[in-house]
Amino acid sequence: MAYTLALWTLAVLVDITAVMYFDSQRSMMILFVLGVYAAWRVVYQLVLYPKYFTPLKHLPMPEGRAWLTGNEKGFFKERKWDVAGRLYRTIPNDGLIRWYTALSHEVLLVTSPQGLSEVMTQRVNDFDQTPVAKLQAERITGKGIQFMNGDEHKMHRKYLAPIFMPGHIKALIPVFWSKAVELVEEIEKGLSPDSRDDVHITSWSVRVALDIIGLAGLGHDYDTLRNPENEHKDLTQLYRLIMSNAPPLKFRFVGLLLDYVDSKIIYYLPEARNMALGTAFEKLRKLASDTVDARQRDLTYKDHKDIISLTVRSGVMTKDAIISHVMTFHAAGHITTALSLDWTMYELGKRPQLQRRLREEIRSQLPGSKLHDVNASDIEALPFLRAVCNETLRLYPALPYTTRTAIRDTSILGTRVPKGTTIAWCADAVNRDEKLWGEDASVWNPERWMGDSAREKTGGATSNFAFLTFAAGPKNCIGQHWARAELACLVAAMIGRFEIELANPDTAGHIDPVTALMSKEGVYAKLRVVPGW
Ligand code: HEM
């Protein structure tokens, strides 16, 4: 990237010098040479490299690559994970597929468990976030842990680890549960007696997940469930702005040029949504900074086990690094879980019988008198609840497609992968692979997680790399046990209290064309309180 940028800068400088210092004939000559160079670069990138020069030439690839749109069906017509999923299912391969995105950008799709294991564990340090992913996420979180590598990454993970230990997650269950109870009580307040009003589940999911990350993760109750209009309403609105509305077409075209120019240029493009996002990120940073200040002023913070206390106590982190951790936990820890709650309500909202079965299990284990007093063993004793949550996490991975850039020459499955190669894996495709999950892999079926203890753990999948919702290896989701426990509490409270009927069954499943697996209009449901709990 830097090399390409340097070349272009040099070309422009030579160009200006030519016009300023040489007579017109020589200037024309220099301009002509530069024009030829630019044309050569374009022809090389779009035509010659993929056909003749790529070192990945021997790998299988789909038929019919177009120079401008690669193997996609037109510019921005398909989501990346849909293309990757299509190739995953249709191109015979031994673990690697080569394909081309718009402007013939080469991507190496890793498909086999062995290949995934190499990329996510054995050679994890040979790969880093891509410039585009950095551009999208670094703006939201600052330089959070997900952008760190090697020893730096290990050290930050070590300092954050105590909050994600099983013992601490167990201790957090009553906190998750208190917010789950608050959620159902607040929703119930808005239902008129005997009516079956449509409730926008998504806006509740986002708020409850944000409150939980604040209370359990940062030691600060944002209280957006009870007071959606309070001073923290900015937080939910800002994340909605970030997560919704795919960038307009012109902006996405500029994104395609990131192979040729420094990606940070995007920050400064005078485009309305881009400017709004820029302001949103500044506000998020300010809010995170205020949260850190407030926590540091609280003299009791030294006794707490929350992200701010842990990072401050480490004594080695700058305030900037702590703010980035806070922003990372805001972003990584609430939208993902909120989406999982949405999709669980979506699937259960279509299946009254399964809902009844789940409600019976919940009510038998958590009788009404215990509504305000639930602990980890209560939640652990609900196998069908666990199966329902696992199945949603499998079929709806919040981050369905992941890319990385090779930061040094390396190899995958014995194939040489040069520095700078973009590699990808598709959790959405792997999690639905019939070879790994059986013929009903694309069906939401919690039953696959029921039975003996092996099935409860694996869902019957035949590989450790069959379930990629939380990725794998040293850079997997540090919050996965937290997310599972939180989701279980929220689903238990919702289904325990309400009968849920999907209000927008034909459209709730339409996905927003952004990076997360998110319903475009959100999930709406008709809710009825089921008496007796
Ligand atoms: C259903 C909910 C969640 C899903 C599906 C999810 C998914 C993921 C995935 C796939 C990654 C790896 C990203 C990559 O390799 O590029 C990741 C990383 C991460 N997640 Fe989660 N996540 C969830 C919930 C949470 C929660 C609740 C927290 C915190 C409380 C959290 C914190 C993080 C952090 C800090 C990282 C970066 C880890 C590192 O680089 O070492 N996540 N998550």
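The name recorded for the protein chain in an unreviewed UniProt entry is Cytochrome P450, from Hypoxylon rubiginosum.

S.K.: Looking at this model, I keep getting lost on the pattern of salt bridges. Mind explaining?
M.R.: Here the idea is simple: oppositely charged side chains can pair when their charged atoms come close. Per the counting criterion, the structure on display carries 28 salt bridges. For the salt bridge of Asp 221 with Lys 179, the shortest nitrogen-to-oxygen distance reads 3.0 Å. One end of the pair, Asp 221, is in the loop between helix 8 (201–218) and helix 9 (233–243); the other, Lys 179, is in helix 7 (residues 166–189), with 42 residues separating them in the sequence. Taking the relative accessible area as the measure of exposure, Asp 221 reaches 33% and is therefore partly exposed. With relative accessibility at 1%, the residue Lys 179 sits in the buried group. Asp 290 is the partner of Lys 286 in a salt bridge, and the nearest nitrogen-oxygen pair spans 3.0 Å.

S.K.: Got a minute to help me understand the site of the ligand in this structure?
M.R.: Around the ligand, the surrounding shell holds 29 residues, and the nearest of these are His 153, Arg 157, Ser 340, Arg 404 and Cys 477. At 3.5 Å from a nitrogen atom of the ligand is found a main-chain nitrogen or oxygen belonging to Ala 332. Looking at the shell around the ligand, the elements that each hand over two or more residues are helix 6 (150–160), helix 13 (319–349), strand 5 (402–406) and helix 20 (480–497). It is helix 13 that provides the largest number of residues to the shell around the ligand, a total of seven residues.

S.K.: Even after reading the chapter, I still don't get the coordination of the iron atom of the ligand, so can you show me in this structure?
M.R.: Octahedral metals with six donors have ideal donor angles of 90 or 180 degrees. Tetrahedral metals with four donors have an ideal donor angle of 109.5 degrees. Of all protein atoms, just one serves as a donor to the iron atom of the ligand, and that atom is Cys 477 (SG), at 2.3 Å. Relative to the helices and strands, Cys 477 resides in the loop between helix 19 (453–458) and helix 20.

S.K.: Any chance you could explain the sheet that holds strand 8 (residues 422–425) here in plain terms?
M.R.: Across a sheet, strands are paired by hydrogen bonds formed along the backbone, either parallel or antiparallel in direction. Spatial strand order, 1-2-8-5-3: five strands in an open sheet with mixed pairing. Whereas interior strands pair on both sides, the edge strands pair on one side only; in this sheet they are strand 1 (96–101) and strand 3 (127–128). Both strand 3 and strand 5 contribute to a ladder of two bridges, which runs antiparallel. What sits directly across from Asp 128, in strand 5, is Thr 405. Packing of helix 3 (residues 80–90) onto the sheet brings it into contact with strand 1 and strand 2 (105–110), and relative to strand 1 it is tilted by some 140 degrees.

S.K.: Would you mind showing me how to read the packing of helix 7 against helix 8 here?
M.R.: A pair of packed helices is characterised by two quantities: the angle between their axes and the separation of those axes. Close contact between helix 7 and helix 8 brings their axes to 10 Å; oriented N to C, the two are set at 150 degrees. In terms of axis orientation, helix 7 runs roughly antiparallel to helix 8. In the packing of helix 7 onto helix 8, the handedness of the crossing is right-handed. Residues Leu 172, Val 175, Phe 176, Lys 179, Glu 182, Leu 183, Glu 186 and Ile 187 of helix 7 form the contact with helix 8, whose participating residues are Trp 204, Val 208, Asp 211, Ile 212, Leu 215 and Ala 216. When its residues are assigned to classes, the contact of helix 7 with helix 8 shows ten nonpolar, no polar and four charged.

What counts and what doesn't
- Residues numbered from 1 in each chain as written.
- Predicted model: local features only at pLDDT ≥ 70, side-chain atom pairs only at ≥ 80, totals over all residues.
- Heavy atoms only, no water.
- Salt bridge = Lys/Arg side-chain N within 4 Å of Asp/Glu carboxyl O.
- Helix = DSSP H or I, 4+ residues; strand = E, 2+ residues; numbered from the N terminus.
- Buried < 20%, exposed > 50% of the residue type's maximum accessible area, 1.4 Å probe, protein only.
- Near = heavy atom within 4 Å.
- Polar contact = N/O pair within 3.5 Å; in protein donor to acceptor, adjacent residues only side chain to side chain.
- Donors = N, O, S within 2.8 Å, 3.2 Å for Na, K, Ca; no water.
- Pairing = 2+ DSSP bridges.
- Contact = heavy atoms within 4.5 Å.
- Axes fitted to C-alpha atoms, helices over the stretch in contact; angles between N-to-C directions.
- Parallel < 35°, antiparallel > 145°, perpendicular 65-115°, else oblique.
- Left-handed = near helix turned anticlockwise from the far one by under 90°.
- Nonpolar A, V, L, I, M, F, W, Y, C, P; charged D, E, K, R; others polar.

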